[in-house]
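Close look at the chain arrangement
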Amino acid sequence: MQDIMSEAKHILQKLEQDKKLCEYIDEELSIPKPYRSPGPIRLIVLGQDPTVQDRQSRRSITTTLNMDKPGGALWSYIACICNSLGIDISENLYATNLYKNFFMKPPTQIEKIDPFQEFLDPWLPLLEKELEHYPEAPVITLGEPILGPLLSSGESTKVRDYWGYTSDWRSGKMKSFTYIKAADNRLHRDLFPFPHLPSLSKSFYRSHLCIYLSFVKSKAF
């Protein structure tokens, strides 16, 4: 992990010197470290970036996805995922972000550039290197914006499409569950897309979470 953090800091320094990109980086905040449980890693949770809406709240984020703060809403969501998959969150989980830096505001609110594309080339090779340490661990992605930068052309960037969504889902008309094959994404790993926490308020995701988790368990474990 030390090598990853050292390289991430080096990449951030170069980005801060980039005349085009530096204005979008919150240079006052350090890169949160990945979360690594002490035991063998059996599951990887991949987030987008550490930038939350409230800038003051960002100062308390020192570990990816706040995984060092048990009992929080996001921690509880990930714990639910782990429990359903038979993963011990305190022993067998690795959590990291694709984009390691804090942005000045959430990247979906940045309008002058597409930060997901502009910051991809610096960060993607590091993530690939990071995941090489855990070649057998399935990868879960959180949220929709992260899918676009990772996917090959033609693959859906909507989480619901992998969860079998149809407009008639309330009547029981569903497509088959699926996932993103290694051949169809830039990480060359099977990816299982999950909605970010706020989207669980939508009845579709809330009612199908347990079923999709059963599907993931049947495919990845």
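Preceding block: the structure.
Note that the structure is predicted; figures quoted are calculated from it, not measured.

Overview of the overall build of the protein
Tallying secondary structure elements over the protein gives 8 helices and 5 strands in all. With respect to the principal axes defined by its C-alpha atoms, the protein has extents near 55 × 40 × 35 Å. Within the protein, the proportion of its 221 residues that are buried is 48%. Taking contacts inside the protein between residues at least 6 apart in sequence as the whole, the part at least 24 apart equals 75%. Carbon and sulfur atoms make up 48% of the accessible area of the protein, which totals about 10900 Å². A distance of 5 Å separates the average location of the 27 positive side-chain charges in the protein from that of its 27 negative side-chain charges.

Considerations on the nonpolar core
One finds Ile 78, Phe 119, Trp 123, Trp 163, Phe 194 and Tyr 212 to be the most contacted residues of the largest nonpolar core, which totals 71 residues. When residues no more than four places from it in sequence are discounted, the contact partners of Trp 163 are Met 174, Phe 177, Pro 193, Phe 194, Pro 195, Phe 204, Tyr 205, His 208, Leu 209 and Tyr 212.

Some details on the packing of aromatic side chains
Scanning the model with the defined rule gives 16 aromatic pairs in all. Between Tyr 179 and Phe 215, the aromatic rings sit 6.3 Å apart at their centres with planes inclined by 45°, giving tilted as the arrangement. Here Tyr 179, found in the loop between helix H7 (159-162) and strand S5 (191-194), pairs with Phe 215, found in helix H8 (residues 203-220); they are 36 residues apart in sequence, far enough to count as distant. Judged by relative accessible area, which is 12%, Phe 215 ranks as buried. Taken together, Trp 163, Tyr 165, Trp 169, Phe 177, Tyr 179, Phe 192, Phe 194, Phe 204, Tyr 205, Tyr 212 and Phe 215 form an aromatic cluster joined through their ring pairs. It is Lys 181 that lies over the ring of Tyr 179; its NZ or CZ is 4.4 Å from the centre.

Comments concerning the pairing of strand S4 (residues 139-142)
Burial along S4 is two-sided: the residues Val 139 and Thr 141 and Ile 140 and Leu 142 are all buried. In terms of strand pairing, S4 meets S5 through 4 bridges, oriented parallel. Opposite Ile 140, over in S5, you have Phe 192 as the bridge partner.

Details of the pairing of strand S3 (residues 93-97)
Looking down a regular strand, the side chains alternate between one sheet face and the other. Where burial is concerned, most of S3 is hidden: 5 out of the 5 residues are buried. The alternating pattern of S3 places Leu 93, Ala 95 and Asn 97 on one face and Tyr 94 and Thr 96 on the opposite face, and all of these are buried. Here strand S1 (residues 35-36) runs beside S3; their pairing, made up of 2 bridges, is antiparallel. Each residue of the ladder has a partner; that of Arg 36, found in S3, is Tyr 94. In the sheet, strand S2 (residues 43-47) pairs with S3 via 5 bridges, with the strands oriented parallel. Considered in S3, the bridge of Gly 47 is made with Asn 97.

A short note on the environment of Arg 59
Residue placement: Arg 59 occurs in the loop between helix H2 (55-58) and helix H3 (73-85). Counting along the chain gives 30 residues from Arg 59 to Leu 29, while the straight-line C-alpha distance between them is 6.8 Å. Excluding residues within four positions of it along the chain, Arg 59 makes contact with Glu 28 and Leu 29.

Cut-offs used in this document
Residues numbered from 1 in each chain as written. Predicted model: local features only at pLDDT ≥ 70, side-chain atom pairs only at ≥ 80, totals over all residues. Heavy atoms only, no water. Helix = DSSP H or I, 4+ residues; strand = E, 2+ residues; numbered from the N terminus. Buried < 20%, exposed > 50% of the residue type's maximum accessible area, 1.4 Å probe, protein only. Contact = heavy atoms within 4.5 Å. Areas by Shrake-Rupley, 256 points an atom, 1.4 Å probe, with all protein chains shown as cover. Lys, Arg positive; Asp, Glu negative; His and termini not counted. Charge placed at Lys NZ, Arg CZ, Asp CG, Glu CD. Core = buried A, V, L, I, M, F, W, Y, C linked by side-chain atoms within 4.5 Å. Phe/Tyr/Trp six-rings, centres within 6.5 Å; stacked < 30°, edge-to-face > 60°. Lys NZ or Arg CZ within 6 Å of the ring centre and 35° of its normal. Pairing = 2+ DSSP bridges.

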